[in-house]
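The lines below spell out each chain.
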Amino acid sequence: MSEHAIEFLRGWIGEKVHCQHSPAKIEKQAETLAKECCAKAAEEGILLEDIQEEVGDIQELIASRLEEVAEESEQQTTSDKPSE
């Protein structure tokens with residue numbers, strides 16, 4: 001995958017992927033974001049095949065990242081609570 005495609009994907013995911021606590025919301029948001037990502041990549045002249053060659057299914061990658069962000073948020077919330 002080209003360096004340009006890698007940089008695009010990292011930046012795009014970093015900008016668009018935010019915490020969703022509900023698994024149903026994660027799946028729906030992953031689907032929506034995958035479509036947006038593909039459209040934006042096309043605008044940038046990046047072939048979807050270049051991205052998929054490196055990361056596989058974009059929707060699965062985004063869903064995985066959403067789950068990670070949700071777990072990080074949950075851990076931070078838990079650690080911010082005062083001990084009883």
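Residues numbered from 1 in each chain as written. Predicted model: local features only at pLDDT ≥ 70, side-chain atom pairs only at ≥ 80, totals over all residues. Heavy atoms only, no water.

> For this particular structure, what's the right way to read the overall build of the chain?
From N to C terminus, the chain includes four helices and zero strands. For the chain, the sequential pattern of α-helices and β-strands runs α-α-α-α. Across the chain, contacts joining residues at least 24 apart in sequence account for 77% of those joining residues at least 6 apart. Summing over all exposed atoms, the chain offers an accessible surface of approximately 5,800 Å²; the carbon and sulfur share of this is 46%. (Helix = DSSP H or I, 4+ residues; strand = E, 2+ residues; numbered from the N terminus. Contact = heavy atoms within 4.5 Å. Areas by Shrake-Rupley, 256 points an atom, 1.4 Å probe, with all protein chains shown as cover.)

> Explain the confidence of the model for the chain to me, please; I cannot follow it from the model alone.
Do not read the fine detail of predicted coordinates wherever pLDDT is low. Taken over all residues, the pLDDT of the chain has a mean of 83, while the share at 70 or more is 88%. At the low end of the mean pLDDT range in the chain sits helix H4 (residues 58-80), at 83; at the high end sits helix H2 (residues 23-43), at 89. (pLDDT = per-residue confidence, 0-100.)

> Explain a negative patch on the surface here, please?
A grouping of Glu27, Asp57, Glu60, Glu67, Glu71 and Glu74 is seen on the molecular surface, where their side chains present a negatively charged patch. Residue contributions to the negative patch peak at four residues, all from H4. The residue Glu27 is located in helix H2 in this model. (Patch = residues over 30% accessible without salt bridge, like charges linked within 9 Å, V, L, I, M, F, W, Y side chains within 5 Å. Salt bridge = Lys/Arg side-chain N within 4 Å of Asp/Glu carboxyl O. Lys, Arg positive; Asp, Glu negative; His and termini not counted. Charge placed at Lys NZ, Arg CZ, Asp CG, Glu CD.)

> Just to check I follow, could you spell out H2 for this structure?
Counting along an α-helix, one turn takes 3.6 residues, and residues three or four places apart therefore face a common direction. Here H2 spans 30 Å end to end across 21 residues, near enough to the 30 Å set by a 1.5 Å rise per residue. Those residues of H2 not exposed but buried are Ile26, Gln29, Ala30, Leu33, Ala34, Cys37 and Ala41. The arc that holds every buried residue of H2, seen down its axis, measures 150°, which confines them to one face. More than 90 degrees from the buried face of H2, the exposed residues found are Ala24, Lys25, Lys28, Lys35, Ala42 and Glu43. Phi turns positive, to about 80°, at Gly45, one or two residues after H2. (Expected span 1.5 Å × (residues − 1). Buried < 20%, exposed > 50% of the residue type's maximum accessible area, 1.4 Å probe, protein only. Arc of directions from axis to C-beta.)

> Would you explain the pattern of salt bridges in this entry?
Pairing of side chains with opposite charge becomes possible as their charged atoms draw close. Tallied over the full model, the rule gives four salt bridges. Because the salt bridges share partners, they merge into one network encompassing Lys40, Glu43 and Glu44.

> Explain the packing of helix H1 (residues 3-16) against H2 to me, please; I cannot follow it from the model alone.
In helix packing, the relevant descriptors are the interaxial angle and the interaxial distance, both defined with respect to the helix axes. Their axes nearest at 11 Å, the elements H1 and H2 cross at an angle of 140°. By the angle between their directions, the pair H1 and H2 is classed as oblique. In the packing of H1 onto H2, the handedness of the crossing is right-handed. Seen from H1, the contacting residues are Phe8, Leu9, Trp12 and Lys16; seen from H2, they are Gln29, Leu33, Glu36, Cys37, Lys40 and Ala41. (Axes fitted to C-alpha atoms, helices over the stretch in contact; angles between N-to-C directions. Parallel < 35°, antiparallel > 145°, perpendicular 65-115°, else oblique. Left-handed = near helix turned anticlockwise from the far one by under 90°.)

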